[in-house]
Every structure is written in structure tokens, then in C-alpha cells.
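These are the residues of each chain, in order.
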Amino acid sequence: MNGGSSAPVVPMHPEAGADPQTVRWVIPAGTLPVVGRMTEAPDELGAMLHSGDIASIEVETRAVVIRLADGRSWSALGAQVRDALSTALRHPEQWRPADEVTEDDLLRAALQDVLAGPAGDYIRSHGGEVTIVSAHDRRAEVRMAGTCTHCPAAGFTLHSRLESELRTRFPDLVELRATEESAKAPRGTWLTVRRRRTPS
Amino acid sequence: MSAHCGPVSARAVTGRTRLALVGSPNSGKSTLFNALTGLRTKTGNYPGVTVARYEGVARVGEHEVVIEDLPGTYSLDPISPDEQVVADVLDPGNPDLGTPEAVLVTIDATTLRRSLGLLAQVMQTGLPICVVLTFRDELARRGGSLDVAALRRALGVPVVGVTSGSRNDLAELQSMLLDRSAWERPVVPPPTDPSQRRAWVESLLHSAAYEVPEADRRTRRIDSVLLHPLWGTLIFFATMFVFFQIIFTVATPLQDAVQSVFDRLGTQVTEHVSPQLLSDFLGNALIGGVGGVLVFLPQIALLFLMISLLEGSGYLSRAAFLMDRLMAKAGLEGRAFVALLSALACAIPGIMATRSLPSAKDRFATMMGAPLMTCSARLPVYVLLTGLLVSPDTRVGPFGAQGLVMFALYLAGAFSAMATAWVFKRFSSRSGPVLPFYMEMPSYRLPRLRSVADAIWSACKGFLSKVGRIILLVTVGLWLLLSLPMHSDAHLRSAGIDPADRTAVSAYEVDHSFAADIGQAIEPVFEPLGFDWQINIGVLGSLSAREVFVATLGQVAAAQNPDQPAEALTHMTYTDGPHQGEKLFTPATTAALLVFFLYALQCMSTIGVMRRETGSWRWPAVAFGYMFVLAWTMAFLTHTVVGALT
Amino acid sequence: MVSVQWDARRQGDTAAPAESAQDARLADLRPGMRGQVTDIDESVEPSTARRLFDLGFAPGAEVTVLRKAPLGDPVVFHVADYEVALRKEQAAGIHVRRTA
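Parameters at a glance
Residues numbered from 1 in each chain as written. Chains lettered and ligands numbered in written order. Predicted model: local features only at pLDDT ≥ 70, side-chain atom pairs only at ≥ 80, totals over all residues. Heavy atoms only, no water. Helix = DSSP H or I, 4+ residues; strand = E, 2+ residues; numbered from the N terminus. Buried < 20%, exposed > 50% of the residue type's maximum accessible area, 1.4 Å probe, protein only. Contact = heavy atoms within 4.5 Å. Areas by Shrake-Rupley, 256 points an atom, 1.4 Å probe, with all protein chains shown as cover. Salt bridge = Lys/Arg side-chain N within 4 Å of Asp/Glu carboxyl O. Domains from an automatic or database assignment. Buried area = accessible area lost by both parts, 1.4 Å probe. Nonpolar A, V, L, I, M, F, W, Y, C, P; charged D, E, K, R; others polar. Pairing = 2+ DSSP bridges. Right-handed = clockwise from strand over helix to strand, strands pointing away. Axes fitted to C-alpha atoms, helices over the stretch in contact; angles between N-to-C directions. UniProt positions renumbered as here; feature names shortened; annotations may be inferred. Polar contact = N/O pair within 3.5 Å; in protein donor to acceptor, adjacent residues only side chain to side chain. pLDDT = per-residue confidence, 0-100. Parallel < 35°, antiparallel > 145°, perpendicular 65-115°, else oblique. Left-handed = near helix turned anticlockwise from the far one by under 90°. Core = buried A, V, L, I, M, F, W, Y, C linked by side-chain atoms within 4.5 Å. Lys, Arg positive; Asp, Glu negative; His and termini not counted.

Peer 1: Please explain the overall build of chain A as it appears in this structure.
Peer 2: Counting its secondary structure elements, chain A contains five helices and 10 strands. Counting every position in chain A, which comprises 200 residues, the buried fraction comes to 46%. Restricting the contact set of chain A to residue pairs at least 6 apart, pairs at least 24 apart contribute 60%. As displayed, chain A offers around 10,000 Å² of accessible surface, 51% of which is attributable to carbon and sulfur atoms.

Peer 1: Can you walk me through the overall build of chain C in this structure?
Peer 2: Counting its regular elements, chain C contains three helices and six strands. For chain C, with 100 residues in total, the buried portion stands at 58%. Restricting the contact set of chain C to residue pairs at least 6 apart, pairs at least 24 apart contribute 63%. When the accessible area of chain C is evaluated, it comes to approximately 4,400 Å², of which 50% is carbon and sulfur surface.

Peer 1: Any chance you could explain the pattern of salt bridges here in plain terms?
Peer 2: If charged atoms from side chains of opposite charge come close, those side chains can pair. All names here are of chain B. Using the criterion set out here, one finds 37 salt bridges over all chains in the structure. As a salt-bridge pair, Glu-138 and Arg-445 come within 2.6 Å of each other at their nearest N and O atoms. On the criterion of sequence distance, the pair formed by Glu-138 in helix α4 (residues 136–141) and Arg-445 in the loop between β10 (438–440) and α18 (449–483) is long-range, its members being 307 residues apart. For Arg-445, a relative accessible area of 16% gives the class buried.

Peer 1: Whenever I open this one, the domain arrangement of chain A confuses me. Can you help?
Peer 2: One frequently used descriptor of interface size is the decrease in accessible area upon assembly of the parts. Residue and element names in this part refer to chain A. When the domains of chain A are assigned, the result is domain 1 (13–97) and domain 2 (103–180). On a C-alpha basis, the centres of domain 1 and domain 2 stand 27 Å from each other. Between domain 1 and domain 2, the contact holds eight residues from the first and seven residues from the second. Buried area between domain 1 and domain 2, summed over both chains or domains, comes out near 610 Å², and the portion from carbon and sulfur atoms is 62%. Broken down residue by residue, the surface that domain 1 buries against domain 2 is led by Val-35, Thr-61 and Arg-62, which jointly contribute 64%. At the junction of domain 1 with domain 2, the criterion picks out zero salt bridges. Considered class by class, the residues forming the side of domain 1 that touches domain 2 number four nonpolar, two polar and two charged.

Peer 1: How should I be thinking about the pairing of strand β6 (residues 129–134) of chain B in this particular structure?
Peer 2: Note on strand geometry: in a regular strand, side chains alternate between the two faces of the sheet. Residues and elements named next belong to chain B. Most of β6 sits inside the fold, with six of its six residues counted as buried. Taking every second residue as pointing to the same face, both faces of β6 are buried, with Ile-129, Val-131 and Leu-133 on one and Cys-130, Val-132 and Thr-134 on the other. Note: strand β5 (residues 102–108) against β6, six bridges, orientation parallel. By the bridge assignment for β6, Val-105 is matched with Val-131. Handedness of the crossover is the feature at issue here: the chain leaves β5, passes through helix α3 (residues 112–123), returns alongside β6, and the resulting connection is right-handed. Pairing geometry for β6 and strand β7 (residues 159–161), over three bridges, is parallel. Its bridge partner being in β7, Leu-133 is matched across the sheet by Gly-161.

Peer 1: How do you make sense of the sheet that holds strand β4 (residues 54–59) of chain A when you look at a structure like this?
Peer 2: Hydrogen bonds between backbone groups are what pair the strands of a sheet, and the pairing can be parallel or antiparallel. Residues and elements named next belong to chain A. Taken together, six strands build an open sheet; the order of strands is β1-β2-β5-β4-β3-β6 and the sheet is antiparallel. In this open sheet, the two edge strands, each paired with only one partner strand, are β1 (13–16) and β6 (96–97). In this sheet, strand β5 (residues 63–68) lies alongside strand β2 (residues 22–26) in antiparallel orientation, the contact comprising five bridges. By the bridge assignment, Val-26 is partnered in β5 with Ala-63. Sitting on the sheet, helix α1 (residues 43–51) touches β3 (36–40), β4 and β5, and the angle it makes with β4 is about 130°.

Peer 1: Even after reading the chapter, I still don't get the UniProt feature "domain: Ferrous iron transporter FeoA-like" (unreviewed entry) in chain C, so can you show me in this structure?
Peer 2: Per the UniProt annotation, the sites labelled "domain: Ferrous iron transporter FeoA-like" (unreviewed entry) are residues 24–98 of chain C. End-to-end, the C-alpha atoms of residues 24–98 of chain C are 7 Å apart, and along that stretch the chain is 17% helix and 41% strand.

Peer 1: Just checking my understanding: could you explain helix α15 (residues 360–369) of chain B for this structure?
Peer 2: In an α-helix there are 3.6 residues to a turn, and that puts residues three or four apart on one side. Burial of α15 of chain B is extensive: 10 of the 10 residues sit out of reach of the surface. Ala-360, Lys-361, Asp-362, Arg-363, Phe-364, Ala-365, Thr-366, Met-367, Met-368 and Gly-369 of chain B are the residues of α15 of chain B that are buried.

Peer 1: How do you make sense of the interface of chain B and chain C when you look at a structure like this?
Peer 2: Each side of the interface is counted separately: chain B has 40 residues, and chain C has 39 residues. Summing both sides of the interface, chain B and chain C together bury roughly 3,800 Å²; the carbon and sulfur share of this comes to 54%. Inspection of the chain B/chain C interface yields six salt bridges. As a salt-bridge pair, Asp-324 of chain B and Arg-87 of chain C come within 2.7 Å of each other at their nearest N and O atoms. Where chain B packs against chain C, one counts 15 residue pairs in polar contact (both at pLDDT 80 or more). For the side of chain B that touches chain C, a count of residues per class yields 18 nonpolar, seven polar and 15 charged. Across three bridges, the pairing between β10 of chain B and strand β5 (residues 82–86) of chain C is antiparallel.

Peer 1: Got a minute to help me understand the confidence of the model for chain C in this structure?
Peer 2: A low pLDDT score tells you not to read the predicted coordinates there in detail. All names here are of chain C. Averaged over every residue, the pLDDT of chain C is 79; residues scoring 70 or more account for 78%. For chain C, per-element mean pLDDT is lowest for helix α1 (residues 2–15), which scores 38, and highest for strand β4 (residues 75–79), which scores 94. Across the interfaces of the predicted complex, the ipTM metric reaches 0.79, alongside a pTM of 0.76.

Peer 1: Please clarify how the interface of chain B and chain A should be interpreted in this entry.
Peer 2: Listed by partner, the interface residues are 17 residues for chain B and 20 residues for chain A. When chain B packs against chain A, the two sides together hide about 1,400 Å² of surface, and 55% of this comes from carbon and sulfur. It is Val-187, Val-188 and Gln-196 of chain B in chain B that bury the most area against chain A; as a group they hold 40% of the surface buried on that side. At the junction of chain B with chain A, the criterion picks out one salt bridge. Glu-15 of chain A is paired through a salt bridge with Arg-153 of chain B; the nearest N and O atoms lie 3.7 Å apart. Summed over the shared surface of chain B and chain A, the number is four residue pairs in polar contact (both at pLDDT 80 or more). Looking at the side of chain B that touches chain A element by element, the count peaks at nine residues for helix α7 (residues 194–207) of chain B.

Peer 1: Please clarify how the packing of helix α3 (residues 103–116) of chain A against helix α4 (residues 118–125) of chain A should be interpreted in this entry.
Peer 2: Residue and element names in this part refer to chain A. Look at α3 against α4: their axes get within 4 Å of each other, and the N-to-C directions meet at 50°. Taken together, the axes of α3 and α4 lie oblique to each other. Within the contact between the two elements, α3 uses Val-114, Leu-115 and Ala-116 and α4 uses Ala-119, Gly-120, Asp-121 and Arg-124. Class assignment for the residues of the contact of α3 with α4 results in four nonpolar, one polar and two charged.

Peer 1: Explain the packing of α3 of chain B against α7 of chain B here, please?
Peer 2: How two helices pack is summed up by the angle between their axes together with the distance between the axes. Residues and elements named next belong to chain B. Contact geometry for α3 and α7: axes closest at 10 Å, N-to-C directions at 120°. Overall, the two elements α3 and α7 adopt an arrangement that is oblique. Note that α3 runs across α7; the crossing there is right-handed. Here α3 contributes Leu-112, Arg-113, Leu-116, Gly-117, Ala-120, Gln-121 and Met-123 to the contact with α7, which in turn contributes Arg-197, Trp-200, Val-201, Glu-202, Leu-204 and Leu-205. The residue makeup of the contact of α3 with α7, split by class, is eight nonpolar, two polar and three charged.

Peer 1: How should the nonpolar core be read in this particular structure?
Peer 2: One broad trend across soluble globular proteins is that nonpolar side chains are buried collectively. Residues and elements named next belong to chain B. If you look at the biggest cluster of nonpolar residues, it comprises 119 residues, and the most contacted ones within it are Phe-243, Ile-300, Phe-321, Phe-463, Phe-585, Leu-593 and Phe-596. Looking at this core, you find at least three residues from each of domain 2 (224–376 + 411–427) and domain 3 (449–645). Each residue touching Phe-243, except ones within four places of it in the same chain, is listed here: Leu-303, Met-306, Ile-307, Leu-310, Val-338, Leu-341 and Ser-342.

Peer 1: Looking at this structure, how should I read the confidence of the model for chain A?
Peer 2: Residues of chain A with pLDDT of at least 70 account for 80%, and the chain-wide mean is 79. Predicted confidence is poor over residues 183–200 of chain A, with pLDDT under 50, and the contacts of this stretch with residues over four places away or in other chains come to 25 contacts.

Peer 1: What is the right way to read the side chain of Asp-193 of chain B from this model?
Peer 2: Following the sequence through the fold, Asp-193 of chain B ends up in the loop between α6 (167–178) and α7. Summary of buried charges: Asp-193 of chain B has no salt-bridge partner, and the nearest side chain of opposite charge, Arg-90 of chain A, is 6.8 Å away. For Asp-193 of chain B, the side chain forms a polar contact with the side chain of Ser-195 of chain B, separated by 2.9 Å.

The structure is reproduced here in C-alpha cells:
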């Protein structure tokens, strides 16, 4: 059906969600210019949202979380949703979020995604705590607290974990800044990361 | 009642859990099968096709799980009978073969990008699946990486990493086998559309942070020598020379040892047991027959030692790669070379070596050709007849004529084997699409001792249990034909034979045996070739093994030393018919006999092993039939031509 | 590695109309050359085409020619992270765009 001449198929795969009605469709970061809950989606996917087969569509930086209406099952509708989503991902401009989404929102969502994921888990498992201070103009800032501040590996942790993870979700990232919350005077640590070739 | 009565019935064993093992060739599938089932395996055939069926029982705690090792495949879109079997077994809608309750899919961690395609197809069957990830240690050695937990989450099925030889990994897998209700199922099965499937694979690899270095440096370095146009070719011929030497030369003293043990045992029995008939039966037929089976074991063990070393190290693919162009002329592929080479020692290992061929069509085309290669059992016959045909002093230029005749026989055998394979390949390829040729070049790996031992053991076990019975029966049957009916001393005396003269008695017995009756009955068939009933007895006797021809003929000719009957044979004459009194072994008849032995399937062991490898009597019957017609025709032509020249 | 392939494919799609000197058959490439699979020829039997796809010769895939057998056939290729030998007959059915 998706012949070689048309646009390439966006890489994606389904993962089980929090409940049986929900499936996380993992997609490459940057596929969609929107995050949050969708009110409109292209073609068949939009039709399924309006017909009531799909209860909700939530876009994350690296996934589209689709919840089927109660009474509908993934075993029956799975292939149909997959095909609809595959087609819809080729028209990123036709997705409509419930709230206006800016690039800052995308960056913030990406950062939240990172902190909620394995990198955040790693920091928390070492007694640390990271919070988002700001996210705008392709720059983000986080505040590190807890044992992080005493940890000599803090800089390394940021570099190796947060930065690389954030960049895969938000390729246009300019820099990630971290401030340490300590008893002494706040000392800013700028971790200016080498800008890679950014796709235009 | 099943119409197909293979050793493993078409219907699977019921009552126990059945799992199927699916994977690409070289994915460590058979190693896993052996590790799970130990030596509790049995082999058979799928009904109607030349595809071996391997089943084994894995004991986990107190439970038994039947595991079926399906043929290696790259896809569930079948293009060969072997792959058709995989597709059929996994198809819940196929009633002929029991559908397994769950499937284990072996995936080589270093070829994940390709292997996930097959996994996608297996997942589409809807059967419960557990992925067994192999060669993770190799991925690490090459500097690659893979997040197994992320892969498991992304696939939606359990993924167990197994490092070969690790008991912990195996234990984890075994406990998974018991608790199949805990296996997660994918929420949505993978797409069937090719480009969507490719996108699915890309997405999985990305999520699992899969990285594999473009080149396995070690393999590339070794290949730059082993596949070098000059050095690679030289090393190939050296390897094949050693290979052949081992199954030919090294096996011989071992086989002689087995033979002599049974000979001594037989002699002991004949000397100490009475009456005569019973002692002869025990000593010659039974013990001789068992010896005739066991004598093959050293060769088979050595063959499978060599093949599993070549295969396990990855060199077999390279050897096949180097020989492919040549073998393509016979419509075969490079891997058939090893089988044909082995057949030079003996057709039994030659036919068993065809197992390394992935395509069933190539397998049986090679099997049909292999018995024409000049095996070591033909050698004594050739030596005897060549000696009758040309004197040792005759020279053609700087070469002895005897040597040239021998060389021509070897060459004719090899050429005929290739030609036959070509014909059968052409004939079989008319049905079904032409198979494309492709061969994975796996990374060089150290063969695992355990796998090598398993391969040798199962080959020997299979040969003994399936082929041994056939050889034993034929040996006993032929002995009865050659020895019965019994003659009393009074009878012998009235015929003018001194019962004390063993040579004369044995000659008289053979000349008046049932075999002689058969020899006379089939005389019209062989008369155009110049064979009389005496030669026919020898031909009949050689069915148990070709070299027996020499001793049988010696016995018929009442030679003082039946093992060196040349002298006695030169004096043999036609006893009746139009040529009565004329010399029997004229150049025309001798040459015809040589050619007959070149082509005829005078070997029940070969027929037995063909029966075992193809799972039916059809192919052995075809082989016996075509080879007999070929042998008769070629011998007739030879007899006519040589008769006209001399 | 994955993103490299995506980028390459996107470039390939934009470059599609300008296929001329770069369009070749896989069998024509010499050892050391690289190409990107564009299509399987229509003359190839569907079952064979499907198998080539399953072996990794899918549109967009990068193929490197590694070495030829001493008699010129078959040829070893690097595709989809592994090495596989094809005969020229099969390689001739695979359209590629030379990339190196």
C-alpha cells in the first residue's frame, strides 16, 4: 500500500501502555511539531477520533499515546489504528493540539520526558533531585538538588545522561544549563555543549 | 493409521507441551536445541518431503517439554520445501502438522536488523513467542551495544539473552518454558506491509539503542587471507586435501581394527560352535553383519567431526563460496562440493554430508550423484579387474596403463556424478520456482566442543539405529542365499567333492546355492554384457558391499586364496550357452564389468542411508533404478565397443 | 547509525528525479564500492524479490561490495549489518544508486 515512490514511512512501533486500552506508539523525536492532547488528527486517524473508536490522542516528544474507547479492543482495531497513524505521521502540519504549542513547549515537554525516563531514574536512584527552571529559545535550565551537589560526578552525569537524551528528543537544543542548589552562594555551572549539525 | 510411516510419526506426541524452535541459519538454533534437549533427541522426516525432522525432550524439573527444531530459514514466505515445512508447522490452519503451543525464536544479536524481519513474520502467526537472543558476547566483543530490556519492551514479547555454555542463562530460559502464561503478548502485531515492517524494525533498533560496528575486523582480516584469490584457493585445496585424507586415510586403520575384531570374533564362533550351519550363521552372517555396520562408524564420526568444525568455525561457507562457480556448472552450489568429496571415501558419509545443504532440491540432486563418485569399496574391484584387463607392463608413454585406467575410472565417476546431479536438478526445478542463491558469511567463531560432540553423536546414533538394521538384514539375507541349501558329506562325496577340502566344498556350495539359481535366472539380463551366471553370483554378493565381489568371485572360481583370485579368474570359462568353453574374462567382459561397477548402485548400505536421509523408499528406489539402467547401458556399450576393437 | 540511514533516505528521495549515471545494477559495482538499493528489477521472480527483501536488500538499504570469488562469481556484500554472498545473476536484479 505504501509504495516506494511516496514519502518514506515514519519508523514506529507499539508499546503496551499503562492500561489495556492505551498503547504508546514510539516515533522518532521531532516527527511532530506539537505536544499534548490532540483535538484534530489527519485523515483516518482523525476520523477514528471523531467516531469515538479512539478516546484520546496524547502526543509526547517521542511517542503518540492512543487510548481506545471503552468497549473497543486493540486486538480488533490495532492494525487499523497503526495504518491510520502511519499515514497521519506524514502530515505533521495537520495535527491540532488542544492548546497552542510553541517551540518552548516542545522543549519543556522533551525535558520532562527525559527527567521522567531512565536518566531521571538514575539521578533519583543516587539521591538527587532535578527540577526544570526554564525552557525557552532552545535553551533549557535545570536545578539540581539533594546529593547531586556533593557528587563529583554531577557534571559528568549531566553531560552523559541528560544532555544526550534531551538532544535525541529535541535536536535543535542549543544548550542545557544546570544550577546547583547549595547552602553557599549559588554557583552556576554552564555546560555548553558542542552544537552538532542541526537539520534545518 | 498414517499414510506416511516415518520414524517420527507425522502426528506429534500428545500429552506433553510442544514448542517449536525457529531461527535463521547460523543463529545458534541447533546449539540451543542441543543444550535444551541434551541427547534425548530423535530424527525423522516430514511426510512427503526430503526434510529431516528433529525433535527432542527438554526436562525442566519434573516437567517434560517436547521441542521441535525447525529447519533454519530467513523468511516465512517459503521458496523451498524446508521453508515450507516451517511455514506449515507455524500455520495454525494447517491440519497435517500439529501446531506448537509456543515458539522460541533464536535471534543472532549481531544480525538484528535482518533477523527482526523473520521475527515479525513469526509474531504475525499469533502464537505465544519467546525470543532467545544469541551471540551477545560476540556483539560486545565487536564493540556493539543493545539494551535488552528496551528491546523486550518494544517487542512486547519476552527476550532472554543466552550466552552459549552459560548454565545461568539456560536455567532462566528453562524456567520461562514452564511459566508460559507469564509471557507478554504484543499489544498490536507487527505490520505485514514491507515498508511499514522496515519502519517497525528501524524503530525497534533505535529504541533498543542498537549499535553494531560495520565490520567485524577479525573476520575481515581472516577473510582477506582465506578468500584471497591465490592464498585462499591454495588454503582451500590444502584444507580439502586434509579433510579427504582424514576420512580416507585416518579412518582406514580404525575401520580395519573394527573389521579385524569382528573377523576374529567370527572365527572364534565358527571354530567353537556346532553344528556347522549355526556356527556359519553366527560367525559369518550375524557377527559379520554387525561388523559390516560398525565398520562405517569411524568414517562417519570423523566426517561429522570435520564438517562440524568447518561449519562451526564459519569456514564451510567460505569453502562453498570458493567452489560455487564450479559447482554451479552442475546446477549445484558450493556447499555440495564437500558432500561429493566425502563420497570419494564412501557414499555413506557423502550422502550424510548433504545435510549441510540448505535446499532440499540440491540435497537430493547431490544424493543422486554422490554414489557415482569412486568410493573406496570400488577400489579392490577395480584393482582386480584392471589387473585382468591390462598387464602391469603395458605402458602408454611414460604412464603405466593400469594407472591410466584407474585414473579414467575416477574421472568418469566424478564427471558422471556431476552430470547426474545436473540432470536431477533440472528435472526437479521444473516444479516450483528456481531458488535464488544466497549464503550468509557468518563471523569466524570458535566451534564449541559440545556442538561438535553432539553432531558426531547424533550422526552415529542415527546411522546405527536406522541404517544398521537395513545393512544387517541384507547381509544375513545374502548369506542365506549364498550358503543354502546345505549339502551333506555323502552328497558332496557323490558329487566328487572331498568334504575335507574346504576350498572345493565352498566352491561347490556357492555353485549350487540359491544365489546360483538366481544368477542363472537373471542370466538373460546380463548376457549382452558378457556376464555369465558365475559373475552374476559375484554381482549379487556385492550388494552387501562392493568389495565382497572379489571374495565371492574367488569362492566361485575355487581360488586357493579367495581374496587374491586373479589367477583363478583368468582360467574361468563359460560353462554353458553359445560361448561354452571360451574364456570368461575377455577384455570386453572385463571392461563391461568395470563400467558396470562404476555406475551400478551395488551397495545396500547406500540405499539404507538414502532411505534414512530422505525419509522414504522413493529416492533410493529411483537411485537404484536409474543407476542400474545407466550401468547396464554403459556396460553394454563398452562390451560392444571393446569387443569390436579386440 | 539509524539516523544516518534516515537522513540518507531523505536525501535519496529528493535526488530521485536526477537518476542517470548513478543508477546501476548491484552486479556492476566493483569491490569497495557502495550503493543504496533503489528497487528490485521487475524481471526478478516475485518470490526471489521477496527473499532479497528479507535478506536486507530493501529499498533504501546501504550495500557495500566486499569481494568477489576467484572466478568472479559469487560476490560478498555487506548489507543490514551482516555479510551475504549472492551470485551475479541475483545481484543483477537489484537496482542501486552508487554512493561511493
